[in-house]
Number of protein chains: 2
Amino acid sequence: MSSSETQEQAPPQPDNSAAISKKAAKKEAAKQEKLRRKQELAALSATTSNLSVDDDPLASNYGDIPLVELQSKTPVDVNNWSRIETLEPSLKGHQVLIRGRVQTIRPVGKKMAFLVIRENGYTVQCLVQVQPDIVSIQMVKFAASLSRESIIDVEGEISVPDSAIKAATQQHVEVQVRKLYCVSRAVPNLPINIEDAARSEVEIEKALQEGEQFVRVNQDTRLNFRVLDLRTPANQGIFRIQSQVGNAFRQFLLSEGFVEIHTPKLIAGSSEGGAAVFRLDYKGQPACLAQSPQLHKQMSLCGDLGRVFEIGPVFRAEDSYTHRHLCEFTGLDIEMEIKKHYFEVMDIVDRLFVTLFDSLNQNCQKELEAVRKQYPFEPLKYLRQTLRLTYEEGVQMLKEVGIEIEPFGDLNTEAERKLGQLVAEKYGTEFYILYRYPLAIRPFYTMPCYDNPEEYSNSFDVFIRGEEIISGAQRVHKPDLLEKRAEAWGIDVKTISTYIDSFRYGAPLHGGFGVGLERVVMLFCGLNNIRKTSLFPRDPLRLAP
Amino acid sequence: MSSSETQEQAPPQPDNSAAISKKAAKKEAAKQEKLRRKQELAALSATTSNLSVDDDPLASNYGDIPLVELQSKTPVDVNNWSRIETLEPSLKGHQVLIRGRVQTIRPVGKKMAFLVIRENGYTVQCLVQVQPDIVSIQMVKFAASLSRESIIDVEGEISVPDSAIKAATQQHVEVQVRKLYCVSRAVPNLPINIEDAARSEVEIEKALQEGEQFVRVNQDTRLNFRVLDLRTPANQGIFRIQSQVGNAFRQFLLSEGFVEIHTPKLIAGSSEGGAAVFRLDYKGQPACLAQSPQLHKQMSLCGDLGRVFEIGPVFRAEDSYTHRHLCEFTGLDIEMEIKKHYFEVMDIVDRLFVTLFDSLNQNCQKELEAVRKQYPFEPLKYLRQTLRLTYEEGVQMLKEVGIEIEPFGDLNTEAERKLGQLVAEKYGTEFYILYRYPLAIRPFYTMPCYDNPEEYSNSFDVFIRGEEIISGAQRVHKPDLLEKRAEAWGIDVKTISTYIDSFRYGAPLHGGFGVGLERVVMLFCGLNNIRKTSLFPRDPLRLAP
């Protein structure tokens, strides 16, 4: 194993990571600190530059791992590595092997360097210090030459420092490094610094008041370098919360007798109509990407699957440049037989989401805390039994505070927010159901209302923190009525004939709903942009990475 | 509630459901039986045709439920309905309400009709018999007029018959009908009869030998009328098994610290290269549908998610007309950091699939039995620890039986099958891993082998019953090598620059694999066509329903 001759003389200090002190004193102090480090490195470099690895009898204790060893011959026991999370004072004197990313590098003089190593959100400080027969001066140089975010293997002994190490999550242990190998080097100048990307707006503002100016990493830069952005504690939290939302969603539904299905995303015709559809050529046939699994999940019920759900991508070619629209997102979709009334569907919404919220609060405490640290939010207020209001009641509540809504029109974003606020004040919940929507603003397959089938429908929306996240309804199961409704919507019935025909062979009463996974996470965590909860978001302007 | 004046005088007898007796005796018997039923119905009709519902004081006890009641005003307790599955002799004398499909209708004289009602795979016989003040002759007529597969509500008293009822799964109870309402009528002539679609090839062949000819419903007809085809017991089983595969897959991985992710299906450039890609216009940019989540799942690891998995659609525009290719299928994809060796990935494959198979055998007995009844198969043979052979060993085994494989080429379908057979004979398993594949036949992102990086790779395939289901490998995490490999594959590196750049910021050693959900179900159940395990399959010729 050989050490690489790196050209970097200093730990990488990307341009946008520097803290620019404004108040003179602070500024000066920072300047001095920088200078000191620079001098240290220069000294280190001067001392060691004429020392090559070839001269070092301890050269096998450190270095970049060559490719051929990364294409390893022999399997090893993965338990040889300790997780940083598990390092604690009781291990004092133990030899450990850890793998992680270099989070910070701090050389002290020429014979010593501190590394903070990160793994899965946990960090530990490692000390590389010259020691006869163990750690050479070249090895310290090698440690100082590492670039931040590089992945390294560290072997060393656990020691217990006199005072807590503030720079690491594992504050009461330190690793005395014996061996140090680099698995994968990061480029010296990262386009985003993780500390910058991880800083809260509050910290930035506070620093500003103290005369210090931190780099703000804007949303677009984050997304351009998403693989770096994802390494922040908040993002590590967000995508683990997202995973838990999917898991809780499924576990609840499976326990209620639902079957998970996978419906085609490539469909003939024009999906549910409208312009917001991606079109493509399918082996010579005109096709499009499903705007939702709506038609096929209903057809699955006609095929006697009884209660179904799907988690999968849905595609909307809308030109929406809002904080809450994406061109591709993950739909959580449900469809179920009902005996009599669409409240049976709302009952599932109610129990499902209360269970889901409970599960997040119980199982994702660490993750929620990580999100909250960067993006502060209040825990979601929800009732044990979800509040239900009619659309008319909602309109009336808005009217009472002077907001007029066209009675058969839809709520705009502003009205939704206002209503959310009024409901929260009156009922103490930020999660509620609004039902009995005007028919005119619901999709063609929505069942009209028993007592006013021209104007109202058996449908509902659900809101979190004043924003719509769920849309649901009883569906029309009578093929003649379905055909009539589709025609009234200007849909070419021929293009959806296999769908309509499905209801001619005896169709169960049924209803269902759809939720956007990214919206659930965004609103539960009180985030301000859906791009924060989509791993690699797609909007009208973004198709990469 | 009013009865509908239906025009059908006989229970529906679709053209393709008739059993055509060949041996004279059988034929004659069947003819006589048909004639008898026809006469009975005619008699019934003659007796009742002048009796209108208006004359019937008991008219409220039966009829088609009008639409307005299906848009019901008041929620009801869904527990009012008993599930057919739960009906048993201990309920004798109890009043029950059940909802289900009319599976068969058998009028006996003018005052009596037997209905077999099906719900979730369970059936019960119901008797509608004229009784003063309860069941009118018009009600019996109404019962006889129902079309098969219509959905009805039946209220009645549980009785216990003297002898077992062979025509129903609930053989020791019968429902004495008091009220009978039709929720949703099926057209009288169904394009597929469920009995025909549910019959095994063995039954058809056996009947042929006895001179009787049943209708064979071919694969295309089944798929054209998929919502009917799905109602067969085998298909009810298949899609519940599919749901369980997904569940077992996820539960295992979550318990191993994997995070579920959702990567974009709309991507710039040309995915992983090759011709088999669906292209489309994305807001003026050229885009395509992801052929797998490969690039993005690797990028998620570069974003420190550690271990990830995804269940989602993958798109292949291949012109493959085989029994095992689809243009859209559900991919189960995994990517994980490794410490040293790609066997760490194979260890996950091993434990994951043994757990999965165990879970299917334990939790899906009823479903497997339903599949087996129509499509007989032997339970999958697999070892507690999965067999691993090198590709060279596989080639050698084939050579020994006279099959020559080009040593750096791939196995064709025939060779795969033969090898599967040889392995089963020698090692007693139908599930095994073949590793150390030639580099030339693996994707560009595959890590070359340590000792022969020009010819071999750190990769593996996994086989069930002699067919490949899993493809996996260690991936190249060095950006320079990755670029070189992509170029060698003729991929325009510019189109995947965000992917390659992801490895410049410190990339973990990693590997992963992908599985087709439909293939797992197909091969576990020994089915002969992947269209049987896709809910609404897409192949080069099929884009509907």
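Residues numbered from 1 in each chain as written. Chains lettered and ligands numbered in written order. Predicted model: local features only at pLDDT ≥ 70, side-chain atom pairs only at ≥ 80, totals over all residues. Heavy atoms only, no water.

Visitor: Can you walk me through the pairing of strand E13 (residues 307-315) of chain B in this structure?
Guide: Moving residue by residue along a regular strand, the side chains alternate between the two faces of the sheet. Residue and element names in this part refer to chain B. Among the nine residues in E13, eight count as buried, and that is most of the element. Examined bridge by bridge, strand E9 (residues 259-260) and E13 share two bridges and lie parallel to one another. In the sheet register, Val 259 faces E13, and the bridge partner there is Val 308. (Buried < 20%, exposed > 50% of the residue type's maximum accessible area, 1.4 Å probe, protein only. Helix = DSSP H or I, 4+ residues; strand = E, 2+ residues; numbered from the N terminus. Pairing = 2+ DSSP bridges.)

Visitor: Mind showing me how you'd approach the sheet that holds strand E15 (residues 387-390) of chain A here?
Guide: All names here are of chain A. Strands sit in the order E9-E13-E14-E19-E18-E17-E16-E15 across an open sheet of eight strands; the sheet is mixed. Unpaired on one side and paired on the other, strand E9 (259-260) and E15 mark the two borders of the sheet. Where strand E16 (residues 431-435) and strand E17 (residues 459-464) come together, five bridges link them in antiparallel fashion. Residue pairing across strands places Phe 431 opposite Ile 464, the latter belonging to E17. Running at roughly 155° to strand E13 (residues 307-315), helix H8 (residues 233-255) makes contact with E9, E13 and strand E14 (328-337) of the sheet. (Contact = heavy atoms within 4.5 Å. Axes fitted to C-alpha atoms, helices over the stretch in contact; angles between N-to-C directions.)

Visitor: Got a minute to help me understand the confidence of the model for chain A in this structure?
Guide: A low pLDDT means the predicted coordinates there should not be read in detail. Residues and elements named next belong to chain A. Looking at chain A, the pLDDT average stands at 91 and 89% of residues meet or exceed 70. Below pLDDT 50 for its whole length, residues 1-21 participates in 62 contacts with residues either more than four positions away or in separate chains. Contacts of residues 44-49 to residues separated by more than four positions or lying in other chains number 11 contacts, the stretch itself having pLDDT below 50. (pLDDT = per-residue confidence, 0-100.)

Visitor: I tried to follow the interface of chain A and chain B on my own but got confused; where do I start?
Guide: Often the size quoted for an interface is simply the accessible area lost on bringing the parts together. Counting from both sides, the interface comprises 110 residues of chain A and, opposite them, 110 residues of chain B. Each partner contributes to the roughly 9400 Å² buried at the junction of chain A and chain B, and carbon and sulfur atoms together form 60% of this total. In terms of surface lost to chain B, no three residues of chain A exceed A:Lys339, A:Tyr505 and A:Leu543, which account for 9% of the buried area on that side. Of the charged contacts in the structure, one is a salt bridge between B:Lys283 and A:Asp319, with a shortest N-O distance of 2.8 Å. Linking chain A with chain B are 57 residue pairs in polar contact (both at pLDDT 80 or more). Looking at the side of chain A that touches chain B, the element that brings in the most residues is H8(A), giving nine residues. Looking at the side of chain A that touches chain B residue by residue, the classes come out as 59 nonpolar, 23 polar and 28 charged. (Buried area = accessible area lost by both parts, 1.4 Å probe. Salt bridge = Lys/Arg side-chain N within 4 Å of Asp/Glu carboxyl O. Polar contact = N/O pair within 3.5 Å; in protein donor to acceptor, adjacent residues only side chain to side chain. Nonpolar A, V, L, I, M, F, W, Y, C, P; charged D, E, K, R; others polar.)

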